[in-house]
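Survey of secondary and tertiary structure
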Amino acid sequence: MAGARQIVDPPAFTTLPYGLWEAAHTPTPAGPQWQQGVTWVERCPTGATTYDECLAVTGVGAVPEPATKTSNVDQTNRGATPFTVYAEFDCSPVGLGDAATVAEQALARVEQQQVETAFWTGAAGGQPVVFPHLAADAVVADPQGITLQTAASVCVTGADIAHGLGELEQCLATCYAGQGVIHVPRSALPTLAAWKLAKRGDDGRLYTPAGNLIVVGGGYTGTDPGGADPGDGTTWIYATGAVFAYRSDVFVTRVRDSLDRAENTVRMIAERTYVLGFECCLLAAHITLGVPTE
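Quick summary incoming for the structure in this document. (Residues numbered from 1 in each chain as written. Predicted model: local features only at pLDDT ≥ 70, side-chain atom pairs only at ≥ 80, totals over all residues. Heavy atoms only, no water.)

A look at the overall build of the protein chain
- The helix and strand tally for the protein chain stands at 5 helices and 18 strands.
- A compact globule built from 294 residues would reach a C-alpha radius of gyration of about 19 Å, whereas the protein chain, at 24 Å, exceeds it by more than 25%.
- Considered along the principal axes of its C-alpha atoms, the protein chain spans approximately 95 × 55 × 35 Å.
- Expressed as a percentage of the 294 residues in the protein chain, the buried residues total 39%.
- Once local pairs closer than 6 in sequence are excluded, the contacts in the protein chain between residues at least 24 apart make up 75%.
- In the form shown here, the protein chain has an accessible surface area of approximately 16500 Å², with 52% of it arising from carbon and sulfur atoms.
- Computed over 16 positive and 30 negative side-chain charges, the inter-centroid distance for the protein chain is 9 Å. (Helix = DSSP H or I, 4+ residues; strand = E, 2+ residues; numbered from the N terminus. Rg over C-alpha atoms; globule rule 2.2 N^0.38 Å. Buried < 20%, exposed > 50% of the residue type's maximum accessible area, 1.4 Å probe, protein only. Contact = heavy atoms within 4.5 Å. Areas by Shrake-Rupley, 256 points an atom, 1.4 Å probe, with all protein chains shown as cover. Lys, Arg positive; Asp, Glu negative; His and termini not counted. Charge placed at Lys NZ, Arg CZ, Asp CG, Glu CD.)

Shown next, in the form of structure tokens:
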């Protein structure tokens, strides 16, 4: 009870920008089956060049016969697994009127951060069950041989942000010819800003000078591909191809299913299921944090 003090509403909650969901493609699913996970055929081309020897000129002698054309599109069966974010609100049956709303509002406050943590670490409920994820140092396949996880390729370690981001984007350009995604923990954003390496687009999202999207994850932990802490004054950042994501509607438990008679409380749970994946590349760089010295 608040006594003589007036009961008021708390301040409105605003989710921070530049999160993972803003950068993801969100296709419309054809039914709910995606909540069991998804599988897709991933085609990652490198391409090549050739010429017509009758038209070509080298300037240094006869034109040799061009090499035989060979396959240059890597085709892989990939998969992604589901995980669920939830928020639980326990209350007395007396306060039942607002319990479902409170649980749903609580989920809205934490789901972005929880999704980002799961996508970085690969853990849900304390277990390594989220595939694919960023901080990974091993290949994982399901019993059907479908690739769920690839190991991150390290492009550079111990570099300043300008060098590290440049090396990471060069690796990305070699692997993926389109717009990719750079994943950074929130601790790295001031360094990116100080070096003028993050610019806000007309769509409200962040981009590198090269045009790749930047995700600033409040749930991103900064750990290396093996899950180890990066060390003081440093962090790991990752690059992927385009990210796609599915998420369910919010499900709130029914009152009759949530009554704990032993404690005489109602356990209201709001939850939402996610599946995330990305194309072709998983790349990593270890960078130092701090402002330019010159």
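Having seen it, we continue.
Focus on the pairing of strand S1 (residues 38-45)
- Residues Val38, Trp40, Glu42 and Cys44 point to one face of S1 and are all buried, whereas Thr39, Val41, Arg43 and Pro45, pointing to the other face, are not buried.
- With 8 bridges joining them, S1 and strand S2 (residues 73-80) adopt antiparallel strand pairing. Bridge assignment links Thr39 to a residue of S2, and that residue is Gly79. (Pairing = 2+ DSSP bridges.)

Quick notes on the nonpolar core
- Counting residues in each nonpolar core, the largest one holds 36 residues, and the members touching the most others are Leu20, Phe83, Tyr238 and Leu276.
- Counting residues per element, the ones that place at least two in this core are helix H1 (20-23), strand S3 (83-91), helix H2 (96-121), strand S12 (213-217), strand S13 (234-240), strand S14 (243-247), strand S17 (265-278) and strand S18 (282-288).
- Broken down by element, this core gets its largest block of residues, 7 residues, from H2.
- Non-local contacts of Phe83, meaning those with residues more than four positions away in its chain, are made with Val115, Ala118, Ala124, Val130, Arg272, Thr273, Tyr274 and Leu276.
- In terms of nonpolar packing, the next biggest core, distinct from the first, is built from 24 residues, Leu168, Tyr176, Ile182 and Ala188 among them. (Core = buried A, V, L, I, M, F, W, Y, C linked by side-chain atoms within 4.5 Å.)

Let's talk about empty space enclosed by the protein
- The final tally for this structure, using the stated rule, is 1 cavity of 30 Å³ or more.
- Here the largest cavity is characterised by a volume of approximately 40 Å³.
- Around the largest cavity sit Tyr18, Gly19, Glu22, Ala23, Arg205, Leu206, Leu213 and Ile214, which together line it.
- Looking at the lining of the largest cavity, the elements that each hand over two or more residues are H1 and S12.
- Grouping the constituent residues of the lining of the largest cavity by class yields 5 nonpolar, 1 polar and 2 charged. (1 Å grid on protein atoms, 1.4 Å probe; cavity = no way out; pocket = protein on both sides within 12 Å on 5 of 7 lines; lining within 4 Å. Points joined across faces, edges and corners; volume = space filled by probe spheres on them. Nonpolar A, V, L, I, M, F, W, Y, C, P; charged D, E, K, R; others polar.)

A word on the side chain of Thr240
- Within the secondary structure, Thr240 is located in strand S13.
- According to the relative accessible area criterion, Thr240 is buried, its value standing at 0%.
- A distance of 3.0 Å separates the side chain of Thr240 from the side chain of His183, its partner in a polar contact.
- Filtering out sequence-adjacent residues up to four positions away, Thr240 remains in contact with Leu134, Leu172, Gly180, Val181, His183, Phe278, Glu279, Cys281 and Leu282. (Polar contact = N/O pair within 3.5 Å; in protein donor to acceptor, adjacent residues only side chain to side chain.)

Digging into unusual backbone geometry
- A cis geometry characterises the amide bond from Phe131 onward to Pro132, with omega recorded as -5°.
- Here Pro132 is to be found in the loop between strand S5 (127-128) and strand S6 (140-141).
- Here the phi dihedral of Tyr18 falls at roughly 70°; this positive angle occurs in a residue that is not glycine.
- Assignment of secondary structure puts Tyr18 in the segment before H1.
- Unusually for a residue other than glycine, Lys196 sits at a positive phi of about 55°.
- Structurally, Lys196 is set in the loop between helix H4 (189-194) and strand S10 (199-200).

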